[in-house]
Amino acid sequence: MTATDTHCPYCALQCGMTLTPEIPRVRLEPRDFPVNKGGLCAKGFTAADLLDHRDRLLTPLVRKDPGGPLREATWDEALTRITEAIRAAQERYGPDAVGAFGGGGLTNEKAYALGKFVRVSLRSASIDYNGRFCMSSAATAANRALGIDRGLPFPLEDVAKAGTVLLVGANPADAMPPSMQYLDAGRENGARHIVVDPRRTNTAAGAHLHLQPLPGTDLALANGLLHIAVREGYVDDDYVAARTTGFEAVRQATNSYWPERVERMTGVAESKLRETVRLLATNGPAMILTARGAEQHSNGTDTAQAYLNLALALGLVGRPFSGYGTITGQGNGQGGREHGQKADQLPGYRKLDDPAARAHVAAVWGIDPDELPKPGVSAYEMLDRLGTDGGVRVLMVLASNIAVSAPNTNRVLDRLKALDFLVVSDIFRSETAELADVVLPTAQWAEEEGTMTNLEGRVIRRKRALPPPPDVRNDLEMLAELSGRLGRAESSDPRTVFDELRRASAGGIADYAGITYERIEREDGVFWPCPSEDHPGTPRLFADGFPTPDGRARFVRVEHRDPAEMPDKHFPYVLTTGRNMQQYQSGNQTRRVKALTVALPEPRAEIHPDLARRHGIADGDLVELRSRRGAAVLRARLSDGIRPDTVFAPFHWPGANALTSPALDPHSRMPAFKACAVAIAKHERGSAQ
Ligand SMILES: Nc1nc2c(c(=O)[nH]1)N[C@H]1C(S)=C(S)[C@@H](COP(=O)(O)OP(=O)(O)OC[C@H]3O[C@@H](n4cnc5c(=O)[nH]c(N)nc54)[C@H](O)[C@@H]3O)O[C@H]1N2
Ligand SMILES: Nc1nc2c(c(=O)[nH]1)N[C@H]1C(S)=C(S)[C@@H](COP(=O)(O)OP(=O)(O)OC[C@H]3O[C@@H](n4cnc5c(=O)[nH]c(N)nc54)[C@H](O)[C@@H]3O)O[C@H]1N2
Ligand code: SF4
Ligand SMILES: [Mo]
C-alpha cells in the first residue's frame, strides 16, 4: 500500500511522520522532517491507535428528549435538528444567540471556514476558540511590541545556535520532547540554558540555572532582570535608539525593581538574577522564550511584555539566533489564531473593527462590509453567559473539550446545561459531547487534507492516508452542508477553501497569498508572510525592521500586580496546573491510548514532602484539593522539585479545572490557569479525579 507523508495530530511541533495503511492497522513511522528530524514523542508514536479505536464516534447522535439518552441518528436528522434550533434561537433572540467555540487543532481551512460560517452564514458575532486559553497573552504582547504575532520569529533550529536561552514557564522536555534535540545540541556546544519554573521539571534539571519563582511573579522577575541590565550597563543603547520607541518610561518603571526586592517578591536569589542577566548580555547570541507558565495569568500579557522589554533592551530581537519567542502549543495553534475564529478577527490576522479589513474580506466573501458583525466576546466570557439574556443559546463546539479544559468548570457545566441546544463535533464522546443535543462524528487527521501552521510559522500539509469510516464526515463537509441548508453555498474542498483563504489573507499581516499546496510539498513547508508565489517565504523576521507604523519596536511600561487570587488562611497554597508528557490536553484522545494510560493512569498532584508531612500525606495517598470554586481528588506524588508553597496538578482529567480561577487578563482575556489559592487534605476513600 502507498505510504503518505504527513504530520502528528497533536502539538505545535507538528513532527513529520509517514503512514502506511496495512491490514489490519496503519503503520506509523517517524519521518525526517526539518523540525523533528526523525524524532517523535510517545503521543505521536501511538497516534494511529485512535484511528480504529472502539470508542470512536461512527454516526451522528441525537438526544430526542431533554434528559434522555443520546441515540444514533442519520446525518439528515442531525443536521435538520441543528438548523431548526439555529432558526428558532435567531428568530427569538437575534443572530448573536447562535455561537461557535473552535479549536487550535483545526486545520487552517477549517478554522477559516468556521469563522466565515459564523460571520456570513449565521450573521453572528459569537465566536471564539480555545486559543484564548492558550496563546492570547503572548500574542497580545507581541502585537503591541512588534506589530506581529508569529510565535517563533525564527526556525526552531536557531535555538541550537544560541549561546544563552532563557525559558520562562516552558517545559519542552515534556510538552515537545523532540524539540529538546536543539537545546541538547546547543548545550553540547557550551550553551547556557536558564529555566524559570516553580518546579524542577525535566527541562529545568538539564539546565545551567533553575530559577524557581512563586507562580505569578514572572513579571517582577523580568523587571528585576532589566533593572540589573540597566545598572550594570548591559543595555544596547544603539539598538534601543535606532530600532525602538518608549524605552525611557520602561527604564524608569524598572527603577524600583532592585534585586533584594525582587528576591523577596519572587523567591529567586539575587545571585541567580545577576548570573541570568550576565549570561543574556555577554554569552550571546541570546534568546528569551516564554510559554504557558508565564502567560496563563491574570497579568499574562504584561508578563510576556516584560520579557519582550528585556529582549529589546538587550538588542536581541532581529539579530541572528537571538530574540523573543513564545512556544505555541496546539497542532495549529499558530494558524488557528490567524484566520478568523477569534472574536475580534478576520482572516490574515486582520481586525474585525478595521474598516479597510472589513472591506477587503467582505469583497472576497461577496457581501457588503456592513453585513459583517462586530467583534464578539472572548471564550470564557461567552461560556460564562451561555443561556442568559444577551448570551448564546445555541452553541456549536468544534475541536475543544471545554467541560474539562475551561477554567472554573463547575460554572461552565452549569452554563452548558442552560443552553437551548448544544452541538459538539468530535472524534470521541468527550465530556462536552456527553452534554450535547447533537454529536457529530468527525474525521481524524489521517483521513483529511488540509494545512497546519506550526510553532515556527511554517505552513505544512496534512495529508489523507486513508478514508474515514463510511458515515463519518470532516468538519469542512459538515459546515458546507449546514451552510447550504441555511441558504448559502460553500465549498467543502480543502484546496478550494485554501485558495479562498489565500485571497482573504492577501495584504494582511499573516499573508498566505503565495503559499500553495505544491510549494509546501516541494519546500518542506513555507513560512508566512508569503505575499506572492515568487516570494521565498519568511523564516526569520525583524532583521530590517518591525511591521509597526514607524518600523520600530515598542517598549511598553508594565508593573507587577499580584495574582487575582492570593493564598490566605482558608486556602493557604498556590495551585498551578499544566502538562504531563504522556497525556494531551483534556485527555479525550490520549486517555484512550493504552500505552499512554498504562504509563500515566490517573492525575497526580505534585507536592513537596514538607507540605505533605504537615498534612499527614504520603506518596501515593489520595489528596483532596479545594478552592473557592470546587474540589478535586488526585493521587499525591511527592517531589522535592516543587516549591513547598505550591501544588501542581495536570488538567488532562476532569478535576483540576474545578479549582482554577476564571479571573481574566484585562488585555488578552486569558484565564489565570497558572495561579489560584487552594487548601489540601488527605482523602480517605475513593479514586482519583
Ligand atoms: N504532553 C503534552 N504536550 C503538550 C500538550 C499537552 O497537553 N501534553 N499541550 C500542548 C499545548 S496546547 C501547549 S499550550 C503546550 C504548553 O507547553 P508548556 O507551556 O511548556 O506546558 P505547561 O505544563 O502548561 O507549563 C509549563 C511550565 O510552567 C510552569 N509554571 C506554572 N506556573 C508558573 C509560573 O507562574 N511561572 C513560571 N515561570 N512557570 C510556571 C509549570 O510548572 C510547567 O512546568 O504544550 C503542548 N504540548
Ligand atoms: N487548568 C488548565 N487548563 C487548561 C490549560 C492549563 O495549562 N491548565 N491549558 C489550556 C490550553 S493551553 C489549551 S490549548 C486548552 C486545550 O483544551 P481543549 O480545547 O479541550 O483541547 P483538546 O483536549 O485537545 O480538545 C480537542 C477536542 O477536539 C477533538 N478533535 C481533534 N481533532 C478534531 C477535529 O479535526 N475536529 C473536531 N471537531 N474535533 C477534533 C479531540 O478529540 C478533543 O476532544 O486547555 C486549556 N486549559
Ligand atoms: S512532540 Fe508534538 S508533534 Fe511531535 S510527536 Fe509529540 S505530540 Fe506529536
Ligand atoms: Mo495550548
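Residues numbered from 1 in each chain as written. Chains lettered and ligands numbered in written order. Predicted model: local features only at pLDDT ≥ 70, side-chain atom pairs only at ≥ 80, totals over all residues. Heavy atoms only, no water.

Peer 1: Just to check I follow, could you spell out the site of ligand 1 for this structure?
Peer 2: Around ligand 1 lies a shell of 32 residues, among which D197, D218, R579, Q583 and Q585 are the nearest. Within the side chain of K43, an N or O atom sits 3.1 Å from a nitrogen atom of ligand 1. At 2.7 Å from an oxygen atom of ligand 1 is found a main-chain nitrogen or oxygen belonging to Q585. Computed on the free molecule, ligand 1 has an accessible area of 900 Å², of which 99% lies beneath the protein chains in the complex. Breaking the shell around ligand 1 down by element, the ones donating at least two residues are α5 (172–175), α13 (292–295) and β23 (573–578). Grouping the constituent residues of the shell around ligand 1 by class yields 10 nonpolar, 14 polar and eight charged. Inspection of the shell around ligand 1 shows a minimum of three residues originating in each of domain 3 (136–326) and domain 4 (573–682). (Near = heavy atom within 4 Å. Polar contact = N/O pair within 3.5 Å; in protein donor to acceptor, adjacent residues only side chain to side chain. Areas by Shrake-Rupley, 256 points an atom, 1.4 Å probe, with all protein chains shown as cover. Helix = DSSP H or I, 4+ residues; strand = E, 2+ residues; numbered from the N terminus. Nonpolar A, V, L, I, M, F, W, Y, C, P; charged D, E, K, R; others polar. Domains from an automatic or database assignment.)

Peer 1: What am I meant to see in the site of ligand 2 here?
Peer 2: Looking at ligand 2, there are 29 residues lining it, with N130, S405, D426, D475 and S586 nearest. At 3.2 Å from a nitrogen atom of ligand 2 is found a side-chain nitrogen or oxygen belonging to R579. Here a nitrogen atom of ligand 2 and a side-chain polar atom of N657 are 2.7 Å apart. When grouped by side-chain class, the residues that make up the shell around ligand 2 number nine nonpolar, 15 polar and five charged. For the shell around ligand 2, the domains that each give at least three residues are domain 2 (61–133 + 332–527) and domain 4 (573–682).

Peer 1: What's the story with the sheet that holds strand β20 (residues 458–462) in this structure? I'm lost.
Peer 2: Across a sheet, paired strands are connected by hydrogen bonds in the backbone, their directions being either parallel or antiparallel. Strand order across the open sheet formed by three strands is β19-β20-β21, with antiparallel pairing between neighbours. Whereas interior strands pair on both sides, the edge strands pair on one side only; in this sheet they are β19 (450–453) and β21 (526–527). Direction of pairing for β20 relative to β21: antiparallel, over a ladder of two bridges. What sits directly across from V459, in β21, is V526. Along the sheet face, helix α3 (residues 108–121) touches β19 and β20 and points at about 95° away from the line of β19. (Pairing = 2+ DSSP bridges. Contact = heavy atoms within 4.5 Å. Axes fitted to C-alpha atoms, helices over the stretch in contact; angles between N-to-C directions.)

Peer 1: What exactly am I supposed to notice about helix α18 (residues 409–417) here?
Peer 2: Along an α-helix, residues three or four apart share an orientation, since each turn contains 3.6 residues. Within α18 the residues assigned to the buried category are T409, V412, R415 and L416. Looking down the long axis of α18, one finds its buried residues gathered within 120° of arc, a one-sided arrangement. Contact partners of the buried residues in α18: α16 (379–384), β16 (394–398), α17 (402–405), β17 (421–426) and α24 (656–659). (Buried < 20%, exposed > 50% of the residue type's maximum accessible area, 1.4 Å probe, protein only. Arc of directions from axis to C-beta.)

Peer 1: Hey, could you run me through the packing of aromatic side chains in this one?
Peer 2: Applying the stated criterion across every chain, the model contains eight aromatic pairs. Taking the centre distance of 6.2 Å and the plane angle of 65° together, the rings of Y112 and W365 count as edge-to-face. Highlighted residues: Y112 in helix α3 and W365 in helix α15 (residues 355–365), separated in sequence by 253 residues. As far as burial versus exposure is concerned, Y112 and W365 are alike and both buried. An aromatic cluster of at least three residues, connected via ring pairs, comprises F101, F133 and F673. (Phe/Tyr/Trp six-rings, centres within 6.5 Å; stacked < 30°, edge-to-face > 60°.)

Peer 1: Is there a simple way to think about the sheet that holds strand β3 (residues 26–30) in this case?
Peer 2: Taken together, the three strands give an open sheet; going across it, the order is β1-β2-β3, and neighbouring strands pair in antiparallel fashion. The strands lining the two open edges of the sheet, one partner per strand, are β1 (4–7) and β3. Neighbouring strand axes in the sheet, compared pairwise and without regard to direction, differ in orientation by 35° on average. Looking at chain direction, strand β2 (residues 16–21) and β3 are connected through five bridges and run antiparallel. Across the sheet, the residue bridging to L19 is L28, located in β3.

Peer 1: What am I meant to see in the domain arrangement of the protein here?
Peer 2: Buried accessible area, meaning the area lost when the parts come together, often serves as the stated size of an interface. Domain boundaries in the protein define domain 1 (4–50), domain 2 (61–133 + 332–527), domain 3 (136–326) and domain 4 (573–682). A straight line from the C-alpha centre of domain 1 to that of domain 3 covers 32 Å. Contacts between the two partners involve 12 residues from domain 1, matched on the other side by nine residues from domain 3. When the area that domain 1 buries against domain 3 is broken down by residue, the three leading residues are L13, V35 and K37, summing to 49%. (Buried area = accessible area lost by both parts, 1.4 Å probe.)

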